[in-house]
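# Survey of secondary and tertiary structure
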Amino acid sequence: MKIIRSILNSFPIKLLLVHIKHNQFLLLYWVILFAIIDGRIGKSLGIPYLFLDPIYLDKVGFWGFLIMGVVLAGFAMSFNITSYILDGFRFPFLGTLPRPFTHYCLNNALLPLGFLIFYVVRIIGFQRDAALYSSTEILASVGGLLLGYAFMLMMLFSYFAITNRDMRTVLKRKAAKLPPKFSVQKRKSAFQQLRRLNKKPVKCDNYLSIKFRFFPTHRFEKYYDRVAILGIFKQNQSNAIIAEVFLLVVIFGLGIFQNTPVFQIPAGASAVLFFTIFVMATGALSYWLRSWVVSAVILLLVIANVYSSRYHTGYTFPAYGLDYKTEPTTYNLNKVNALVSEDAVRESKAYWIEMLQNWKAKTGQEKPNMVLVAVSGGGQRAALWTTTVLQHADSAMKGQLMDKTFLITGASGGLVGAAYFRDIYMQNVMVSDEQARVAISTELLNPMIFTLLINDFFLKVRNFEYAGQTYKKERGYTFEQNLSQNLGGLLDRPIADYREAEYSARIPKLLVAPLITNDGRKLYISPHPVGVFNEKRDQNAIVQGVDFRALLEEHQADSLRFLTALRMSATFPYITPTMTLPTEPPVQIADAGISDNYGVVDALIFLEAFKGWIKENTNEVVLLAVRDSKKSEELAAVKSQNIVERFFSPIQSVYKSWDKVQTIKNDQWYELVKASFGDQLQRVEIQYAADPEDRASLSWRLTELEKKDIIESIHRPVNQESLRKLERY
């Protein structure tokens, strides 16, 4: 019983209880980190892998984990510094100890040390289970983490050892009869602070010494001088604040060199740095505002929200290539209806008939077979899967896939993969299938997250020029630049550069169709007039889409960067920013997958619009649907839910069923169009059908295990049968 009482009254336990009672905000960051590492947060988005499999300079290993160790130690020290500033005075005996801050950190190590041990165990378990890492590589990863952690702690503690005073220094100063440190006014202020703080002392019987032995807290009671102790705390706090400022300088310094690969630290490390900023900000607010901190934060958020809405503050992300200096184009129902006038639709239809004739002439056949490719969204998972499928489909068709394909539709990552495959064909680049898969699956998340947390949340000070226009460098720019670099410069051109190649049928047409969030319509982006896709056959019908080039013809629409168009279609929430067009009111663009994640509807609209010509001039039409998910799944067993899960269940149910809703809608469309074409229309579906627990994450960064699983999925029996079916067609 005495031992238990001694443990409960020890400094480490008392500190933990103080955090639980007074510093819930600080504990929240640790809870989030524990939940991420354990896969409780963001597993389907691949967030835990940013910590368990960090990439630095395109490699996972020692250096990436070394950086993770450095930033985690910095985060742990910011936690120690902040809590020391807030709660050091609650333990007056600290001021009598040699190296008081070092003692505080040692006794406050339960959370940091517990997290480090948990993190190491999870790293070893993940890398072992992934079966892609040798024991030597796992040892290098863990060694890098611990070395980085130890190095950062050593640097910070060396600083505090040199600069922090303790009671012995004070006594020496007194013995030497040096001038008093406090003026009369400062002494009066000191006593006032002591009286206030002594009202809430925390009873503590023993502490862990830097000699790793427990001693009673009254060990140096003979040195107890309240004013001197206050001076020690004040001086220690000043040095702690200097250390925090140094961390902020490092963070902003990284932002200045954000485009240099060596400074693009792992995404997980960027997230920890961001948490570090929040820990310091939380501590500062808590120190200044004390018990008013929650009310003050709420008030600040309300003021910021009202101010931003009233004065339209905040950065709007542009589409690169567009002219935002010209007077904005009006966007209203009259404008939308004018874009689908009878003349506009008729001209558009005639134009597409010419492209159909050119495609038929290229085949050299009286009635050629036509292929339409529809690819699904799904981040880098879908990009790699689409590239892999198209490679195998092209082999099944003896290298004639691009010649036979007239139109490519789709969303998000799948469209990026299809566009890359098409550009390899167009440029006749000597890239092997394996090289192409490596390029399309090279991670993009690290530099984006780095830019988001280090640059976009603060000041965007760097500019770049494109198509005669000047834009800010933000994470959208980072995404496009890194994608272009990964793909060897392919796709990096204005949309107008594809006009001649598509018109003459040298390459298939590719339709980008992101969503206009203002009204739910699609924004059809193509170097050709696309009014025919928005044709109204009934005067009471709602126009379903908008021709991008027709809408923004006065804003150099042809100069839109093709990479930007693809990014519009792949606007992953919070990661790739939502773009705003130069219209009045401003039109915002969202991921194409919200409307149709599989691109099937646009392909079927095309078939319906040109069914007369297609029926007469083609032998057979094959819709090649590339899905990055199972089409049909067994109903999952209903699991017991806690109160929180039951509260969010209605929202989660809608979100989880949205994919199935789109699949059912696509099949309904297909059946309607199939009724018109009969046996002349066939469908081949190839799907990435991994089990939910093993399914690659929806992210712009894949682990090596996920890449392997995606690539090998093409060899599943159901997909091999689909390829044989495609070969027969």
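Residue positions are given per chain, counting from 1 as you read along its sequence in written order. Local features are withheld for residues below a pLDDT of 70 in this predicted model, meaning they are given only at 70 or higher, and side-chain atom pairs are given and counted only at 80 or more; totals for whole chains, interfaces and linings count all residues. Note that water and hydrogens are dropped before the side-chain values are worked out from all heavy atoms of the structure.

Here we come to the overall build of the protein. What counts as a helix is a DSSP run of H or I of at least four residues, what counts as a strand is a run of E of at least two, and both are numbered from the N terminus. In terms of helices and strands, the protein carries 30 helices and 18 strands. Residues classed as buried in the protein amount to 53% of the 729 residues present. Here, two residues are considered to be in contact whenever any of their heavy atoms come within 4.5 Å of each other. For the protein, the share of sequence-separated contacts (at least 6 apart) that also reach a separation of at least 24 residues comes to 79%. To be clear on the numbers: accessible area is Shrake-Rupley with a 1.4 Å probe, and residue cover counts the displayed protein chains and nothing else. Here the protein displays about 34200 Å² of accessible surface, and carbon together with sulfur accounts for 60% of that area. For each residue, the accessible area found with a 1.4 Å probe, counting protein chains only, is set against the maximum for its type, and the residue is called buried under 20%, exposed over 50%, and partly exposed in between.

This next bit is on the nonpolar core. Tyr119, Leu491, Phe562 and Leu624 are the most contacted members of the largest nonpolar core, which has 146 residues in total. Take this core: its biggest share by element is 14 residues, from helix α5 (residues 62-87). Delimitation of the domains relies on an automatic or database domain assignment. Lining this core are residues from two domains, each supplying at least three of them: domain 1 (1-170 + 192-309) and domain 2 (329-630 + 669-724). In this view, Phe562 contacts Ala419, Arg422, Leu491, Arg493, Pro494, Ile495, Tyr498, Leu510 and Val512; residues no more than four positions away in its chain are not counted. Residues belong to one nonpolar core when they are buried, are Ala, Val, Leu, Ile, Met, Phe, Trp, Tyr or Cys, and are joined through side-chain atoms within 4.5 Å.

Below, the discussion takes up the pairing of strand β7 (residues 405-410). β7 sits mainly inside the fold: 6 of its 6 residues count as buried. Strands were regarded as paired on the criterion that DSSP finds at least two bridges between them. Of the strand pairs in this sheet, strand β6 (residues 369-375) and β7 are connected by 5 bridges, and their pairing is parallel. Within the sheet, the bridge partner assigned to Val371 lies in β7 and is Thr405. In this sheet, strand β10 (residues 509-510) lies alongside β7 in parallel orientation, the contact comprising 2 bridges. Its bridge partner being in β10, Leu407 is matched across the sheet by Lys509.

Read across the open sheet, the 5 strands follow the order β10-β7-β6-β17-β18; overall the sheet is parallel. Two strands lie at the open edges of the sheet, namely β10 and β18 (681-687), each paired on one side alone. Relative to β18, strand β17 (residues 620-627) runs parallel, the two sharing 7 bridges. Within β18, the residue paired with Leu624 across the bridge is Val684. Note on geometry: axes are C-alpha line fits, over the in-contact stretch for helices, and angles between N-to-C directions span 0 to 180 degrees. Packed onto the sheet, helix α15 (residues 342-363) meets β6, β7 and β10 and runs at close to 125° relative to β7.

So, on to the UniProt feature "transmembrane region" (unreviewed entry) in the protein. UniProt positions are given in the numbering used here, feature names are shortened, and annotations may be inferred rather than shown by experiment. The feature "transmembrane region" (unreviewed entry), as annotated in UniProt, sits at residues 25-42, 62-86, 106-126, 138-162, 240-257, 263-281 and 288-307 in this numbering. For residues 62-86, the end-to-end C-alpha separation is 36 Å, with 100% helix and 0% strand making up the annotated structure. Within residues 263-281, the helical portion is 79% and the strand portion 0%, while the C-alpha atoms at the span's ends are 24 Å from each other.

For the rest of this paragraph, the subject is the packing of α5 against helix α7 (residues 110-129). Close contact between α5 and α7 brings their axes to 10 Å; oriented N to C, the two are set at 160°. Considering the angle they form, α5 stands roughly antiparallel to α7. In the packing of α5 onto α7, the handedness of the crossing is right-handed. Residues Phe65, Met68, Leu72, Ala76 and Phe79 of α5 pack against Leu111, Pro112, Phe115, Tyr119, Ile123 and Gln127 of α7. For this classification, Asp, Glu, Lys and Arg are treated as charged, while Ala, Val, Leu, Ile, Met, Phe, Trp, Tyr, Cys and Pro are nonpolar and the rest, including Gly, are polar. Tallied by class, residues from the contact of α5 with α7 come to 10 nonpolar, 1 polar and no charged. Orientation categories follow fixed angle ranges, with anything under 35 degrees roughly parallel, anything over 145 roughly antiparallel, 65 to 115 roughly perpendicular, and all other angles oblique. In this scheme the handedness of a crossing depends on how the near helix is turned from the far one: anticlockwise by less than a right angle means left-handed, clockwise means right-handed.

Okay, the pattern of salt bridges next. The term salt bridge refers to a side-chain nitrogen of Lys or Arg lying within 4 Å of a carboxyl oxygen of Asp or Glu. Per the counting criterion, the structure on display carries 28 salt bridges. Arg506 serves as the salt-bridge partner of Glu500, at 3.2 Å between the closest nitrogen and oxygen. Take Arg506: its relative accessible area is 40%, and that puts it in the partly exposed class. Residues joined by salt bridges that share partners form a network here, namely Glu480, Asp492, Arg561 and Arg567.

Moving on, we get to a nonpolar patch on the surface. A surface patch of nonpolar side chains, amounting to about 240 Å² of accessible area, comprises Leu57, Val262 and Phe263. Here Leu57 lies in the loop between β1 (55-56) and β2 (59-60). Note on patches: the residues involved have over 30% relative accessible area and no salt bridge, like charges join within 9 Å, and the nonpolar side chains Val, Leu, Ile, Met, Phe, Trp and Tyr join within 5 Å.

Right, let's talk about the side chain of Gln680 for a bit. Along the chain, Gln680 falls in the loop between α28 (643-677) and β18. For Gln680, a relative accessible area of 14% translates into the label buried. Dropping the residues within four chain positions of it, Gln680 is found in contact with Ile614, Lys615, Thr618, Asn619, Glu620 and Val621.

Each aromatic pair joins two rings of Phe, Tyr and Trp (for Trp, the six-membered one) with centres within 6.5 Å, and gets the label stacked for planes under 30 degrees apart, edge-to-face for over 60, and tilted for any other angle. Inspection of every chain in the model, using the stated rule, returns 29 aromatic pairs. Judged by centre distance (4.8 Å) and plane angle (65°), the rings of Trp30 and Phe75 are edge-to-face. One end of the pair, Trp30, is in helix α3 (residues 24-37); the other, Phe75, is in helix α5, with 45 residues separating them in the sequence. The burial state of Trp30 is the same as that of Phe75; both residues are buried. The interplanar angle of 50° and the centroid separation of 5.9 Å between the aromatic rings of Trp385 and Tyr688 together place this pair among those described as tilted. Taken as a pair, Trp385 in helix α16 (residues 379-396) and Tyr688 in the loop between β18 and α29 (704-712) lie far apart in primary sequence, 303 residues in all. Judged by its relative accessible area of 0%, Trp385 falls in the buried class. Its relative accessible area of 0% is what places Tyr688 among the buried residues. Over the ring of Tyr466 we find Arg561, and its NZ or CZ is 5.4 Å from the ring centre. One Lys or Arg, Arg683, reaches over the ring of Tyr670 and ends 4.0 Å from the middle of that ring. Any Lys NZ or Arg CZ found within 6 Å of a ring centre and within 35 degrees of that ring's normal is scored as a charge over the ring.

Glancing now at the packing of α16 against helix α18 (residues 412-427). Between α16 and α18, the least distance of the axes is 7 Å, while the angle of their chain directions is 40°. Comparing their axes, α18 and α16 come out oblique. When you trace α16 past α18, the crossing you get is right-handed. Contacts from Gly379, Ala382, Ala383, Thr386, Thr387, Leu390, Gln391 and Asp394 in α16 reach Ser412, Gly413, Gly414, Gly417, Ala418 and Phe421 in α18. Its residues assigned to classes, the contact of α16 with α18 shows 5 nonpolar, 8 polar and 1 charged.

Further remarks concern helix α21 (residues 475-486). Its 12 residues place the ends of α21 16 Å apart at the C-alpha level, agreeing with the 16 Å of an ideal helix rising 1.5 Å per residue. The complete set of buried residues in α21 reads Arg475, Gly476, Tyr477, Thr478, Phe479, Glu480, Asn482, Leu483, Ser484 and Asn486. As for α21, its buried residues are in contact with α18, α19 (433-441), α20 (445-456), β8 (463-466) and α24 (562-569). Definition of a polar contact: a pair of N or O atoms within 3.5 Å, with one able to donate and the other able to accept a hydrogen when the atoms are protein atoms, and with sequence-neighbouring residues admitted only if both atoms are side-chain atoms. Capping the start of α21, Glu474 holds a side-chain oxygen 2.6 Å from the backbone nitrogen of Gly476, two or three residues further along. Positive backbone phi, at 70°, marks Gly488, one or two positions downstream of α21. In a helix, the anticipated span is given by 1.5 Å times the number of residues less one.

The subject of this paragraph is unusual backbone geometry. Cis geometry is found at the peptide bond from Glu584 to Pro585, where omega equals 0°. Of note, Lys398 is a non-glycine position whose phi angle comes to about 55°, a positive value. Relative to the helices and strands, Lys398 resides in the loop between α16 and α17 (401-404). Backbone geometry places Ala505, a non-glycine residue, at a positive phi of 70°. Note that Ala505 resides in the loop between α22 (499-503) and β10.

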